[in-house]
There are 2 protein chains.
Amino acid sequence: MSTENSLYLEELEVGQVFTSASAQLDEGQIKEFAHSFDPQPFHLDDQAAQKTIFKGLAASGWHTAAITMRLLVEGGAPIAGGLIGAGVEVTWPAPTRPGDTLKVVTEVVAVTPSRSRPDRGIVTIRSDTLNQHDAIVQSMTSKLVVMRRASPAT
Amino acid sequence: MSTENSLYLEELEVGQVFTSASAQLDEGQIKEFAHSFDPQPFHLDDQAAQKTIFKGLAASGWHTAAITMRLLVEGGAPIAGGLIGAGVEVTWPAPTRPGDTLKVVTEVVAVTPSRSRPDRGIVTIRSDTLNQHDAIVQSMTSKLVVMRRASPAT
């Protein structure tokens, strides 16, 4: 996280767009994550996956979400104090496949100062995770707790 | 996943409740997941976490979500054909801590047959992940693609 470029509540505005670095994932990583957290045939075995709605090995949606989070933390959403999610909505419009290269494009969609706690607010961002063909494999809307600067920037 | 007890679309109804097995997580697992997917100080370092909104080491919400998924796959949501999520909404009302034991209580909240595809439907479930004090650490609403039985049950 490049803290020197991190943004506080008063520096965030609707329409700002951030683009993450990219991350590639391979079949081994897909199967390893699935073994640990989502042991279903379409995430573990290419042959078994052919006969399912996925028509081939696909990453767990939670794996795509976890990679998205890493890309956001590592500069894709430069928010001061880190990414603290109050809640998220996630859809997976297309499968993530072995060999895919993912990146995350994030747009600020709302900035809401807290009425009860003047030191912070809620920032809503939409983060689309794209593969190398620019297909959206995940779309996530997150409400983040973001702090105001302790002292005004000069 | 105990496939013999798995339920198809016509066997699911609003108000059905399923309870998962339980899973314990420790500090090492929290840090390992965070290193891989959510490398922020409050998920990596207890001392640094004391000074944050979490007031001590907390698991990544994505780690809680991934453990929840494993508990659902391993019998906590006995749905025929597996758990195929079209979309989810997730909130994290309380932190998951080292040493917590989690279980998931799931309720069916809607069953909607597809109008265009008579072989399937969308089932909406709410899955609350509870710690050993029965505090809700995650609440998730998921829309799942669920198939009808190929031939009527006798």
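Residues numbered from 1 in each chain as written. Chains lettered and ligands numbered in written order. Predicted model: local features only at pLDDT ≥ 70, side-chain atom pairs only at ≥ 80, totals over all residues. Heavy atoms only, no water.

For chain A, an unreviewed UniProt entry supplies the name Acyl dehydratase and the organism Marinobacterium halophilum.

Draft legend 1. Quick peek at the overall build of chain A. Regarding its fold elements, chain A presents four helices and five strands. Of the regular secondary structure in chain A, the N- to C-terminal order runs β-α-α-α-α-β-β-β-β. Projected onto its principal axes, the C-alpha coordinates of chain A cover approximately 60 × 25 × 25 Å. Buried positions account for 47% of the 154 residues belonging to chain A. For chain A, long-range pairs separated by at least 24 residues make up 68% of all intrachain contacts whose partners lie at least 6 apart in sequence. For chain A, the centre of its 13 positive side-chain charges and the centre of its 17 negative side-chain charges are spaced 6 Å apart. (Helix = DSSP H or I, 4+ residues; strand = E, 2+ residues; numbered from the N terminus. Buried < 20%, exposed > 50% of the residue type's maximum accessible area, 1.4 Å probe, protein only. Contact = heavy atoms within 4.5 Å. Lys, Arg positive; Asp, Glu negative; His and termini not counted. Charge placed at Lys NZ, Arg CZ, Asp CG, Glu CD.)

Draft legend 2. Seen up close, the relation of the copies chain A and chain B. For the pair chain A and chain B, the best superposition has an RMSD of 0.0 Å and corresponds to a rotation of 180° with a translation of 0.0 Å parallel to the axis. The transformation relating the two chain copies, once decomposed into turn and shift, fits a two-fold axis. For chain A, the minimum C-alpha distance to the rotation axis belongs to glutamate 89 of chain A and amounts to 2.2 Å. Interface overlap between copies is the fraction of interface residues in one copy that are interface residues in the other; for chain A against chain B it reaches 100%, indicating a shared surface. (Least-squares fit on C-alpha atoms with pLDDT ≥ 70 in both.)

Draft legend 3. The arrangement of the confidence of the model for chain A in detail. Considering every residue of chain A, the mean pLDDT works out to 94; 94% of them sit at 70 or more. Two summary scores accompany this predicted model of the complex, namely pTM at 0.93 and ipTM at 0.93. (pLDDT = per-residue confidence, 0-100.)

Draft legend 4. The arrangement of the nonpolar core in detail. Of all hydrophobic cores here, the largest spans 68 residues; its most connected members are Trp62 of chain A together with Trp62 of chain B. Residues contacting tryptophan 62 of chain A, with those up to four places away along its chain left out, are Phe33, Asp38 and Trp92 of chain A together with Trp62, Ala65, Met69, Val88, Val90 and Met140 of chain B. (Core = buried A, V, L, I, M, F, W, Y, C linked by side-chain atoms within 4.5 Å.)

Draft legend 5. Representation of the packing of helix α4 (residues 61-76) of chain A against helix α4 (residues 61-76) of chain B in the model. Here α4 of chain A crosses α4 of chain B at 170°, and the two axes come no closer than 10 Å. By the angle between their directions, the pair α4 of chain A and α4 of chain B is classed as roughly antiparallel. Across from Trp62, Ala65 and Met69 of chain A in α4 of chain A, the residues of α4 of chain B making contact are Trp62, Ala65 and Met69 of chain B. Residues of the contact of α4 of chain A with α4 of chain B, tallied by class, amount to six nonpolar, no polar and no charged. (Axes fitted to C-alpha atoms, helices over the stretch in contact; angles between N-to-C directions. Parallel < 35°, antiparallel > 145°, perpendicular 65-115°, else oblique. Nonpolar A, V, L, I, M, F, W, Y, C, P; charged D, E, K, R; others polar.)

Draft legend 6. Representation of the UniProt feature "domain: MaoC-like" (unreviewed entry) in chain A. The feature "domain: MaoC-like" (unreviewed entry), as annotated in UniProt, sits at residues 17-118 of chain A in this numbering. Helix makes up 35% of residues 17-118 of chain A and strand 27%. Its end C-alpha atoms lie 25 Å apart. (UniProt positions renumbered as here; feature names shortened; annotations may be inferred.)

Draft legend 7. Spatial organisation of the pairing of strand β2 (residues 85-91) of chain B. In this sheet, β2 of chain B lies alongside strand β2 (residues 85-91) of chain A in antiparallel orientation, the contact comprising five bridges. Bridging from a neighbouring strand, threonine 91 of chain A pairs with glycine 87 of chain B of β2 of chain B. Inspection of the sheet shows β2 of chain B paired to strand β5 (residues 136-147) of chain B by six bridges, in the antiparallel sense. Opposite glutamate 89 of chain B, over in β5 of chain B, you have threonine 141 of chain B as the bridge partner. (Pairing = 2+ DSSP bridges.)

Draft legend 8. Examining the sheet that holds β5 of chain B more closely. The strand order β1(A)-β3(A)-β4(A)-β5(A)-β2(A)-β2(B)-β5(B)-β4(B)-β3(B)-β1(B) describes an open sheet built from ten strands, whose pairing is antiparallel. Two strands in the sheet have a free side with no partner beyond their single neighbour: β1 (17-24) of chain A together with β1 (17-24) of chain B. Ignoring which end each strand starts from, the neighbouring axes of this sheet average 20° apart. Of the strand pairs in this sheet, strand β4 (residues 120-130) of chain B and β5 of chain B are connected by eleven bridges, and their pairing is antiparallel. Counted as the bridge partner of isoleucine 122 of chain B is valine 145 of chain B from β5 of chain B. Sheet contacts for α4 of chain A: β1, β3 (101-113), β4 (120-130) and β5 (136-147) of chain A together with β2 and β5 of chain B; angle to β3 of chain A, the most-contacted strand, approximately 70°. Lying on the sheet, α4 of chain B is in contact with β2 and β5 of chain A together with β1, β3 (101-113), β4 and β5 of chain B; it crosses β3 of chain B at an angle near 70°.

Draft legend 9. Region of interest: the environment of valine 108 of chain A. Residue and element names in this part refer to chain A. Among the structural elements, valine 108 can be located in strand β3. By relative accessible area, valine 108 is classed as buried at 1%. Excluding anything up to four places from it in sequence, valine 108 contacts Leu12, Glu13, Val14, Gly15, Gln16, Phe18, Val123, Thr124 and Ile125.

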